[in-house]
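Listed below are the residues making up each chain.
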Amino acid sequence: MTRLITFNELREIKAQLPEGSIHRIADELGMDVETVRNYFGGSNYRKGSAVGLHIEPGPNGGCVILDDTTVLDRALEILAENKAR
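The structure contained in this document is the topic of the report that follows. All values reported here derive from a predicted model rather than from experimental measurement.

## Here we look at helix α1 (residues 7-16)
Then, number 1: Every buried residue of α1 is accounted for by F7, L10 and I13. One side of α1 holds all its buried residues, which, seen down the axis, span an arc of 125°.
Then, number 2: Those residues of α1 hidden inside the fold are in contact with β1 (3-6), α3 (33-39), β2 (53-56), β3 (63-66) and α4 (70-84).

## Some details on the pairing of β3
Then, number 1: Covered by surrounding structure in β3 are V64 and L66 only, the residues C63 and I65 on the alternate face being uncovered.
Then, number 2: In terms of strand pairing, β1 meets β3 through 4 bridges, oriented antiparallel. The residue bridging L4 from the neighbouring strand is I65, located in β3.

## Comments concerning the pattern of salt bridges
Then, number 1: With the rule as written, the count across this model stands at 6 salt bridges.
Then, number 2: The salt bridge partner of E28 is R24, with a shortest N-O separation of 3.0 Å. Of this pair, E28 and R24 are both found in helix α2 (residues 21-29), 4 residues apart, which corresponds to roughly one turn of the helix.
Then, number 3: In this structure, E81 and R24 form a salt bridge, with 2.9 Å as the shortest nitrogen-oxygen distance. Of this pair, E81 sits in helix α4 while R24 sits in helix α2, and the two are 57 residues apart along the sequence.

## A short note on the side chain of S21
Then, number 1: Looking at the secondary structure, you find S21 in helix α2.
Then, number 2: Residue classification places S21 among the buried positions, given a relative accessible area of 4%.
Then, number 3: There is a polar contact of 2.7 Å between the side chain of S21 and the backbone oxygen of P18.

## A few points about α4
Then, number 1: Across its 15 residues, α4 extends 21 Å between first and last C-alpha, which sits within 8% of the 21 Å expected from 1.5 Å per residue.
Then, number 2: Residues V71, L72, R74, A75, I78 and L79 constitute the buried set of α4. Projected down its long axis, α4 carries its buried residues within an arc of 165°, all on one side. Residues of α4 that are exposed and angled more than 90 degrees away from the buried face: K83 and A84.
Then, number 3: Of the surrounding elements, those touching the buried residues of α4 are β1, α1, α2, α3 and β3.

## What to know about the sheet that holds β1
Then, number 1: Ordered in space as β1-β3-β2, the 3 strands form an open sheet in which the pairing is antiparallel. One side of each edge strand has no neighbouring strand; the edge strands of this open sheet are β1 and β2. Within this sheet the neighbouring strands show an average axis-to-axis angle of 25°, counted without direction.
Then, number 2: In this fold α1 packs onto β1, β2 and β3, with an angle of close to 85° to the strand it touches most, β1.

Thresholds, definitions, all that
Residues numbered from 1 in each chain as written. Predicted model: local features only at pLDDT ≥ 70, side-chain atom pairs only at ≥ 80, totals over all residues. Heavy atoms only, no water. Buried < 20%, exposed > 50% of the residue type's maximum accessible area, 1.4 Å probe, protein only. Helix = DSSP H or I, 4+ residues; strand = E, 2+ residues; numbered from the N terminus. Arc of directions from axis to C-beta. Contact = heavy atoms within 4.5 Å. Pairing = 2+ DSSP bridges. Salt bridge = Lys/Arg side-chain N within 4 Å of Asp/Glu carboxyl O. Polar contact = N/O pair within 3.5 Å; in protein donor to acceptor, adjacent residues only side chain to side chain. Expected span 1.5 Å × (residues − 1). Axes fitted to C-alpha atoms, helices over the stretch in contact; angles between N-to-C directions.

Take a look at the structure:
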């Protein structure tokens, strides 16, 4: 499932994640940590993979089209877990 989000929204979600969440997401999804970081706008392709993230220039950092929302969905679940505590 694809999703459209602004780059700034994507970075804000990453910024709100508790410490260790990137590693947790990588472990749970069987991904490299750098690949998860790349999903949130990183660019370390020597260690991580491309993640189906397409950025179009525009307001709020531009629009990001995510080909697969699995990482984002897991990040949002972690944020919801923390709010519930």
